[in-house]
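Geometric and topological summary
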Amino acid sequence: MVHLSVVVPCFDESEVIDTFHTALVAALEPTGTTFEVAYVDDGSGDRTVDRLRYLAATDGRVRYTSFSRNFGKESALLAGMRMARGEVVVLMDADLQHPPALLPRMLELRRHGYDQVIARRDRTGEGATRTVLSRAYYRLVRRFMDVEIVDGAGDFRLLSRRAVDSLLSLPESNRFSKGLFSWIGFDTVSFTYENVERAAGRSKWGGRRLLDYGIDGLLSFNSRPLRLAIHTGLWLFLSAFVYALWIIANALLDGVDTPGYATLITAIVGLSGIQLATLGVIGEYVGRIYHEVKRRPHYVVRETDRTAGLHRDPGD
Ligand code: UDP
Ligand code: MG
């Protein structure tokens, strides 16, 4: 029986994975906690799997799963949580941006009875544009979502066994974990640490990917954007109605003398814009329903630490 399972999603991390593992072991061994490390290779194109095979062969506490292609960090986290056998599970990045040195403090907070311990990073060393944009995004999200999401609270967190089990019991296939963590509830505590640069390799989150992630977050938790579309439609209809009354009254009193070209064009363009946007919102939800009803698995596994031996020549 192990007490702690550390879940680490890795996508093209061959440059840092050894450094990470050494740092992790160095942080955990002095605490005397029994632990295992569950690495999930998210279809890396570099030699990450080789490194994982090597780690698993040399360190009995290492287990890994390797995907057949890149399925995204959310799927990797899910696979890792399914692998984890510990009473306590920690999710952390492989690039040392989540400092292993904080683990003893997180374990200590768990002993105080918290089911979720979040280590939040501040925004030191981050580009000004990114800071401004993410602040704005979190404000928007807070207005639209039923669940609370805290700025800077990423995936570096400790979860108790019952918290992990409740996450695993959620059936949806579109997993926006920031929202799910908050949705399951339980006693949560967070503390802030200073942001660190990635140790090696480069970030996989470019502008486009972040935007898609942001839209996912907004849409996956409720249907408030649909409600907003209905409200806008109603208000527009009301103002159009009042305007029509005004035109009729005018025509009755003064006779017809308005060519009204500008008004017409404005109304048509404005309304088609809103209709298109609304259709887009509806389409987005329909797409999600389609995606959910297919019930596809979240990922496909190519190999794990247990199957790895099967590829090897039994003679060597
Ligand atoms: N990651 C992953 N699959 C992906 C993208 C990222 O498993 O498709 C992992 C990556 O290996 C790292 C963590 O998720 O351990 C965070 O990724 P990254 O450092 O690129 O993101 P950032 O820190 O820039 O937000
Ligand atoms: Mg990173």
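All values derive from a computational prediction rather than experimental measurement. (Residues numbered from 1 in each chain as written. Chains lettered and ligands numbered in written order. Predicted model: local features only at pLDDT ≥ 70, side-chain atom pairs only at ≥ 80, totals over all residues.)

1. What to know about the overall build of the protein
Note the following rule: Helix and strand assignments come from DSSP, with helices taken as H or I runs of at least 4 residues and strands as E runs of at least 2, each series counted from the N terminus. Buried residues are those with 20 or more other C-beta atoms within 10 Å of their own C-beta, exposed residues have 12 or fewer, and partly exposed residues lie in between; C-beta atoms are placed from the backbone. For every residue pair, C-beta atoms are placed from the backbone, and the pair is scored as a contact if these atoms sit within 7 Å.
Regarding its fold elements, the protein presents 11 helices and eight strands. Classification of the 316 residues of the protein by burial places 27% in the buried group. When contacts within the protein are restricted to residue pairs at least 6 apart in sequence, those whose partners lie at least 24 apart make up 85%.

2. A short note on unusual backbone geometry
Unusually for a residue other than glycine, D12 sits at a positive phi of about 55°. The residue D12 is located in the loop between β1 (4–10) and α1 (17–28) in this model. Residue D12 is classed as partly exposed on the basis of its 19 C-beta neighbours within 10 Å. In this structure, L96 is a non-glycine residue whose phi angle is positive, near 70°. Within the secondary structure layout, L96 lies in the loop between β4 (88–91) and α4 (103–111). On the basis of neighbour counts, which here come to 19 C-beta atoms within 10 Å, the residue L96 falls in the partly exposed class.

3. Notes on the sheet that holds strand β3 (residues 62–67)
Just so we agree on the cut-off: When DSSP finds at least two bridges between two strands, those strands are taken to pair. Angular values range over 0 to 180 degrees, each being the angle between N-to-C directions of two axes fitted as lines to C-alpha atoms, with helices fitted over their stretch in contact.
Across the sheet, eight strands lie side by side as β7-β5-β6-β4-β1-β2-β3-β8; this open sheet has mixed pairing. Because the sheet does not close on itself, it has two edges, and the strands there are β7 (188–193) and β8 (301–304). The sheet shows a mean angle of 20° between the axes of neighbouring strands, direction not considered. Where β1 meets strand β2 (residues 35–41), seven bridges bridge the pair, whose relative direction is parallel. When the sheet's bridge partners are listed, L4 is paired in β2 with F35. Against the sheet, α4 makes contact with β4, β5 (116–121), β6 (157–160) and β7, and its axis sits at roughly 145° relative to β5, the strand it touches most.

4. What about the site of ligand 1?
Defined as follows: In this text, near has one meaning. A residue is near a molecule or strand if its C-beta atom, placed using the backbone, is within 6 Å of it. The nonpolar class holds Ala, Val, Leu, Ile, Met, Phe, Trp, Tyr, Cys and Pro. Asp, Glu, Lys and Arg form the charged class, and all remaining residues, Gly among them, are polar.
Lining the immediate surroundings of ligand 1 are 17 residues, of which P9, F11, D42, D93 and S203 lie closest. When contributions to the shell around ligand 1 are tallied by element, the ones reaching two or more residues are β1 and α3 (73–83). Grouping the constituent residues of the shell around ligand 1 by class yields six nonpolar, four polar and seven charged.

5. Description of the nonpolar core
For clarity, the cut-off: One nonpolar core equals one set of buried Ala, Val, Leu, Ile, Met, Phe, Trp, Tyr and Cys residues connected by C-beta atoms within 7 Å.
One finds V6, V7, V8, V37, Y39, V89 and V90 to be the most contacted residues of the largest nonpolar core, which totals 47 residues. Sequence-distant contacts of Y39, that is, excluding residues within four places in its chain, are made with V8, C10, L52, V62 and Y64.

6. Observations concerning the UniProt feature "transmembrane region" (unreviewed entry) in the protein
What counts, and what does not: UniProt positions are given in the numbering used here, feature names are shortened, and annotations may be inferred rather than shown by experiment.
Following the UniProt record, the feature "transmembrane region" (unreviewed entry) maps to residues 228–249 and 261–286 here. With 100% helix and 0% strand, the stretch residues 228–249 has end C-alpha atoms that lie 32 Å from each other.

7. Quick look at the pairing of β5
The element β5 is largely enclosed, with a buried count of five among its six residues. Judged from the three bridges that link them, β5 and β6 form a sheet pairing that is antiparallel. Bridged to V117 within β6 is L158. The pairing of β5 with β7 spans six bridges and is classified as parallel. Along β7, the bridge assignment pairs A119 with F191.

8. Here we look at helix α9 (residues 224–254)
Because an α-helix completes one turn every 3.6 residues, residues spaced three or four positions apart along the sequence face the same direction. Rule in force here: Take the residue count of a helix, subtract one, and multiply by 1.5 Å to get its expected span.
Look at α9: 45 Å from first C-alpha to last across 31 residues, which is about the 45 Å you get at 1.5 Å a residue. After α9 finishes, the residue G255 shows a positive phi value of roughly 80°.

9. Considering the environment of R110
Structurally, the position occupied by R110 is in helix α4. The class for R110 is buried, based on 21 C-beta atoms found within 10 Å. Between the alpha carbons of R110 and V88 there is a distance of 8.4 Å; along the sequence they are 22 residues apart. Not counting residues within four places of it along the chain, the set of residues in contact with R110 comprises V88, V117, L158 and S160.

10. Notes on the environment of A267
Within the fold, A267 resides in helix α10 (residues 261–293). You can call A267 partly exposed: it has 14 C-beta atoms within 10 Å.

11. Considering the confidence of the model for the protein
Put simply, the test is: Here pLDDT means the predictor's own confidence in every residue, given as a number from 0 to 100.
Mean pLDDT over the protein works out to 81, with 87% of the residues at or above the 70 mark. Scoring of the predicted complex yields 0.73 for pTM and 0.93 for ipTM.

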